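Below, each chain spelled out in residue letters.
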Amino acid sequence: MYTQSFNVPDGGTPTLQAVSVPVDADLQARFDAVIDADGKIEPRDWMPEAYRKTLVRQISQHAHSEIVGMLPEGNWISRAPSLKRKAILVAKVQDEGGHGLYLYSAAETLGTSRDQMFDALHSGKAKYSSIFNYPTLTWADVGVVGWLVDGAAIMNQIPLCRCSFGPYARAMIRVCKEESFHQRQGFESLMTMMQGTAEQKAMVQDAVNRWWWKCLAMFGPPDADSPNSVQGMRWGIKRISNDDLRQKFVDATVPQAQVLGVTLPDPDLKWNAERGHHDFGAIDWDEFWQVVNGNGPCNQERLATRVKAWEDGAWVREAALAHARKQEQRARKEAA
Ligand SMILES: [Fe+2]
Ligand SMILES: [Fe+2]
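Calculation rules
Residues numbered from 1 in each chain as written. Chains lettered and ligands numbered in written order. Predicted model: local features only at pLDDT ≥ 70, side-chain atom pairs only at ≥ 80, totals over all residues. Heavy atoms only, no water. Helix = DSSP H or I, 4+ residues; strand = E, 2+ residues; numbered from the N terminus. Buried < 20%, exposed > 50% of the residue type's maximum accessible area, 1.4 Å probe, protein only. Contact = heavy atoms within 4.5 Å. Lys, Arg positive; Asp, Glu negative; His and termini not counted. Charge placed at Lys NZ, Arg CZ, Asp CG, Glu CD. Donors = N, O, S within 2.8 Å, 3.2 Å for Na, K, Ca; no water. Tetrahedral: all angles 85-135°; square planar, octahedral: opposite > 155°, others 65-115°. Axes fitted to C-alpha atoms, helices over the stretch in contact; angles between N-to-C directions. Parallel < 35°, antiparallel > 145°, perpendicular 65-115°, else oblique. Left-handed = near helix turned anticlockwise from the far one by under 90°. Nonpolar A, V, L, I, M, F, W, Y, C, P; charged D, E, K, R; others polar. Expected span 1.5 Å × (residues − 1). Polar contact = N/O pair within 3.5 Å; in protein donor to acceptor, adjacent residues only side chain to side chain. Phe/Tyr/Trp six-rings, centres within 6.5 Å; stacked < 30°, edge-to-face > 60°. Lys NZ or Arg CZ within 6 Å of the ring centre and 35° of its normal. Salt bridge = Lys/Arg side-chain N within 4 Å of Asp/Glu carboxyl O. Disulfide = S-S within 2.5 Å.

> Just checking my understanding: could you explain the overall build of the protein for this structure?
Assigned secondary structure in the protein consists of 13 helices and two strands. Seen along its three principal axes, the alpha-carbon backbone of the protein occupies a region of about 75 × 50 × 35 Å. In the protein, buried positions account for 50% of the 336 residues. Taking all contacts inside the protein whose residues are at least 6 apart in sequence as the whole, residues at least 24 apart take part in 81%. Charge-centre separation for the protein: the mean point of 38 positive side chains lies 7 Å from the mean point of 41 negative side chains.

> Explain the coordination of the iron ion (ligand 2) here, please?
Under ideal tetrahedral coordination, the four donors around a metal are separated by 109.5 degrees; under ideal octahedral coordination, the six donors are separated by 90 or 180 degrees. Taken together, E96 (OE), D150 (OD), E179 (OE) and H182 (ND1) make up the protein donors of the iron ion (ligand 2), found 1.9 to 2.2 Å from the metal. Coordination at the iron ion (ligand 2) is irregular: its four donor atoms span angles of 88 to 157° at the metal. Between the iron ion (ligand 2) and the iron ion (ligand 1), both coordinated by E96, there is a metal-metal distance of 3.5 Å. On the criterion of sequence distance, the pair formed by E96 in helix α4 (residues 83-108) and D150 in helix α6 (residues 139-157) is long-range, its members being 54 residues apart. Considered together, E96 and D150 belong to a single accessibility category, that of buried residues.

> Can you walk me through the packing of α4 against helix α7 (residues 166-194) in this structure?
Two numbers describe a pair of packed helices, the interaxial angle and the distance between the axes. Running from amino to carboxyl end, α4 crosses α7 at an angle of 160°, the nearest separation of the two axes being 10 Å. One finds that α4 runs roughly antiparallel with respect to α7. Helix-helix and strand crossings are classified by hand; for α4 and α7 the assignment is left-handed. Considering only residue class, the contact of α4 with α7 consists of eleven nonpolar, five polar and nine charged.

> Just to check I follow, could you spell out helix α1 (residues 25-36) for this structure?
Along an α-helix, a turn takes 3.6 residues, which lines up residues three or four apart on a common side. Along its twelve residues, α1 runs 16 Å from first to last C-alpha, staying within 8% of the 16 Å computed at 1.5 Å per residue. If you check the start of α1, you find a side-chain oxygen 2.7 Å away from the backbone N of D26, and it comes from D24.

> Would you take a moment to explain the side chain of Q116 for this structure?
Structurally, the position occupied by Q116 is in helix α5 (residues 114-122). Side-chain polar atoms of Q116 contact the side chain of T112, separated by 3.2 Å.

> It is not clear to me how helix α12 (residues 299-312) should be interpreted in this structure. Could you clarify?
Here α12 spans 20 Å end to end across 14 residues, near enough to the 20 Å set by a 1.5 Å rise per residue. Elements that come into contact with the buried residues of α12 comprise α2 (49-68), α3 (70-74), α5 and α11 (285-295).

> Got a minute to help me understand the packing of aromatic side chains in this structure?
Two aromatic rings are characterised by how far apart their centres lie and by the angle between their planes. One pass over the full model with this rule turns up twelve aromatic pairs. Taken together, the aromatic side chains of F31, W46, Y51 and W235 make up a single cluster linked through ring pairs. The ring of W76 carries the charged tip of R79 above its face, separated from the ring centre by 3.9 Å. Cation over ring: K214 sits above Y134, and NZ or CZ is 4.8 Å from the ring centre.

> Got a minute to help me understand the pattern of salt bridges in this structure?
Pairing is possible between side chains of opposite charge, provided their charged atoms come close. Across all of its chains, the model carries 18 salt bridges by this definition. Notably, a salt bridge pairs D36 with R234, separated by 3.2 Å at the nearest N-O pair. Here R234 lies in helix α9 (residues 227-234) and D36 lies in helix α1, a separation of 198 residues in the sequence. Residue class for D36 comes out exposed when judged on its relative accessible area of 55%. Residue classification places R234 among the partly exposed residues on the basis of a relative accessible area of 39%. Residues joined by salt bridges that share partners form a network here, namely E73, K92, E96 and D150.

> Just to check I follow, could you spell out the state of the cysteines for this structure?
Here a disulfide denotes a covalent bond joining the sulfur atom of one cysteine to the sulfur atom of another. Applying the stated criterion across every chain yields a total of zero disulfides. Residue C161 stays outside any disulfide, its sulfur separated by 3.9 Å from that of C176, the closest cysteine. With no disulfide partner, C298 has as its closest neighbouring cysteine sulfur the one in C215, 15 Å distant. By relative accessible area, which is 5% here, C298 ends up buried.

Purely geometric stuff here, so don't read any function into it on its own.
Written out as structure tokens, the structure reads:
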């Protein structure tokens, strides 16, 4: 998963290792021609520094979101209600780890190192999707995260399969296929609970009530407050605006909620025949910014868990490096 439109500035963007090239009119014209023709920019192609920086920020925030996104659901692996649910959840959480790895690799092709990106995350400078700063209180939350959070992520990420930067676009194709499984397993799990006891149904409704508005905020601030989006569109990084994606998500989700038998917690949600879309109520952007700026219920816990995992894994990295050095020495000795 997961985006929040990615136009949220980090506390500090990792320093780029790449040497910036003075802007050459021919190079700029060639870049513009590729963008205008809806072509792909590859890592070795010349690109404007601002394009490179925007992508480093977006792709690294996306990678961090995948990795931090493993935590709220990972907490439920040991408490899954059956072997089947546990196997599905383990597979999903592993997929998210894989998404993070593809994305860190894609960002590395732009001249930023993995260490720089991890430093930015662990020091609290880098952003990740705020949705993961909320707790998963019951088993129903696991289903709702799949249905709604992964569902919102798919809406955001399908247009990224057509992103102008080749490695990002290609990574997104596989990511989206896996996100589709995540969304379906969540819906199916909720469907099962909705055919169960009154307590189970109430648990699902409670989880929907707590997650719905946060999912709508995942698409990022309204278009009027997203000045970076225009440049992102021009560069072929962003294809559909935050508000249009949010509308698509609402329109797609309302009939699914009806099938499930849950109520979406918005008294203003209704079909508008004139617009051909659902109208919906106002999002609490103050809460969104509070959480983006570090004051959500789980910001500190998520970061502390990530830092601990990084520190606990130090011996694995050291062992791998020592092994690589040994292999290199042996190969050198054999070649001599
Ligand atoms: Fe993912
Ligand atoms: Fe996912």
